[in-house]
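# Understanding the architecture of this molecule
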Amino acid sequence: MPNPATHILVPLILADLYRDYIAKKKFPLFYVLVAGIAGLLPDIDIAIWRIIGFFREVSVSSVHRQFTHTIFIPLLFLMAALLMRKNRKAKLLFGMASFGIFTHLVLDAIFSGSIMPFYPFSELSFGLNLALFTGMQPQMLFAVFDGILLGGWLIHEYVKHMIKDFI
Ligand SMILES: [Zn+2]
């Protein structure tokens, strides 16, 4: 899997860029944070696996990337967001949760192994496993990826601030 940091950084940075260039101040920073944290949520199944492990021996693969890595979870949050017509705060909260979780699935499917988006109805799996093609150790690759993301984002924030200071 991509590092937990990758799962936070990707939705966080995308939501922040959306805030900076499209929504502007109408989109409080809090929801950028929500997107970042939500990006981590699907891997809660690893914590669940650890808890089950106290009671009986189970392999991580029998728990990980199943129910929490389906398309149904972000769809449920998206539906909840769409239902919140009048309540803008709740709409943004559910919308950003949906977005963060969705980016998690996309990252897992693109970079490392595969996911079963329609589990338990179908065990059809999708995965490009791009990490394999780089010839790098996956953990090393994700560490470099995180460095580029964080570095790029910090530079962006710095430059944007500098520009703001001049106008
Ligand atoms: Zn995952």
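Above this text is the structure in question.
The paragraphs below set out a description of the structure included in this document. Keep in mind that what you see is a predicted model, and the values were worked out from it rather than measured.

With that settled, the discussion passes to the packing of helix α4 (residues 72–83) against helix α5 (residues 88–111). Two elements in contact, α4 and α5, have axes whose closest approach is 8 Å; the angle formed by their N-to-C orientations is 160°. In this view, α4 runs roughly antiparallel relative to α5, as classed from their interaxial angle. α5 is crossed by α4, and the crossing has left-handed handedness. Two secondary-structure elements touch here, α4 through I73, P74, F77, L78, A80 and A81 and α5 through K91, F94, G95, A97, S98, I101 and F102. Here the residues of the contact of α4 with α5 sort into 10 nonpolar, two polar and one charged.

Now for unusual backbone geometry. The omega angle of the peptide bond from Y119 to P120 is 5°, so this bond is cis rather than trans. Assignment of secondary structure puts P120 in the loop between α5 and α6 (138–166). With a phi angle near 60°, R65 is a residue other than glycine that sits in the positive phi range. Mapped onto the elements of the fold, R65 is located in the loop between α3 (44–55) and α4. Classification of R65 as buried rests on a count of 24 C-beta atoms within 10 Å. One non-glycine residue, N129, adopts positive backbone phi at about 50°.

Procedures and definitions
- Residues numbered from 1 in each chain as written.
- Predicted model: local features only at pLDDT ≥ 70, side-chain atom pairs only at ≥ 80, totals over all residues.
- Axes fitted to C-alpha atoms, helices over the stretch in contact; angles between N-to-C directions.
- Helix = DSSP H or I, 4+ residues; strand = E, 2+ residues; numbered from the N terminus.
- Parallel < 35°, antiparallel > 145°, perpendicular 65-115°, else oblique.
- Left-handed = near helix turned anticlockwise from the far one by under 90°.
- Contact = placed C-beta atoms within 7 Å.
- Nonpolar A, V, L, I, M, F, W, Y, C, P; charged D, E, K, R; others polar.
- Buried ≥ 20, exposed ≤ 12 C-beta atoms within 10 Å, placed from the backbone.

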